[in-house]
Amino acid sequence: MNDNVHFILLAVFLCALCILGTRFLKNYKFKQLLNCIKNQDVSRFSQIANSRLTKLLFPPYNIEYLKLNAFLLEGDEQEIDHQFTKMLDFNLGKTQRCDLLLKAYDYYLSKRNKKQCKSILKDIKSLEEKELYQDALKCYLIIFEKCTKYVDEMESQLHSMDSKEKSYLEYLLSIQYENLGDSNKSNFYKEQSLIHSS
């Protein structure tokens, strides 16, 4: 074999080694970050997430998304607000933006933050996903405007839902019955929601 062939083989070998090494490092770092989130070790998570190596291995949005999940687990409202604001300023594709907006919307619904939900609802509407927007709007109307007009529709849908979907509808039904002043039905659906969420 001549020198050119040796050089090409060496170059191919080194490229393959770099690709495999990078893949291994990415998996290793990702597992480290996930373990920190699971163990709610936010200081260790920040240390790993802000390291040069992590920043080289992962796109900025992925790191910020993991940070958001860590803050959500920790329940640090100030950091969560800051993180959502920061991430919604990213130049995102439609799928990523949709995912982030729904995550933010669910979070602010759980906090009963009407102002934030109203703002996010406008952003969801701008995605031009009609069904998604209608579902988000229903939640807004039920929780913040004390709407009760979806009771019959939601009760008729329950039989065709899986447990996770049932749990969510039952939660919304419990709020609507609370809005109607029917505490028995409200408590019934609250209990059913808890059963189907476990």
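Please refer to the structure higher up on the page.
Residues numbered from 1 in each chain as written. Predicted model: local features only at pLDDT ≥ 70, side-chain atom pairs only at ≥ 80, totals over all residues. Heavy atoms only, no water.

## Concerning the layout of surface pockets
Inference 1: Counted as a void, the largest pocket has a volume near 740 Å³.
Inference 2: Taken together, 22 residues make up the lining of the largest pocket; nearest its centre are D106, D135, C139, Y168 and L172.
Inference 3: Within the residue set of the lining of the largest pocket, elements represented by two or more residues are α6 (94-110), α8 (130-144), α9 (151-157) and α10 (163-180).
Inference 4: Counting residues per element, the lining of the largest pocket draws most heavily on α8, at seven residues. (1 Å grid on protein atoms, 1.4 Å probe; cavity = no way out; pocket = protein on both sides within 12 Å on 5 of 7 lines; lining within 4 Å. Points joined across faces, edges and corners; volume = space filled by probe spheres on them. Helix = DSSP H or I, 4+ residues; strand = E, 2+ residues; numbered from the N terminus.)

## Quick word on the nonpolar core
Inference 1: Ranked by size, the top nonpolar core spans 41 residues in total, and within it F84, L100 and Y105 carry the most contacts.
Inference 2: Listing elements by their share of this core, those giving two or more residues are α4 (60-74), α5 (77-88), α6, α7 (114-126), α8, α9 and α10.
Inference 3: The greatest single-element share of this core, amounting to eight residues, is contributed by α6.
Inference 4: Setting aside residues no more than four positions away along its own chain, L100 makes contact with Y61, L68, F84, M87, L88 and L92.
Inference 5: Judged by nonpolar contacts, the second largest core, of 11 residues, contains C36, L57, I63 and L66. (Core = buried A, V, L, I, M, F, W, Y, C linked by side-chain atoms within 4.5 Å. Buried < 20%, exposed > 50% of the residue type's maximum accessible area, 1.4 Å probe, protein only. Contact = heavy atoms within 4.5 Å.)

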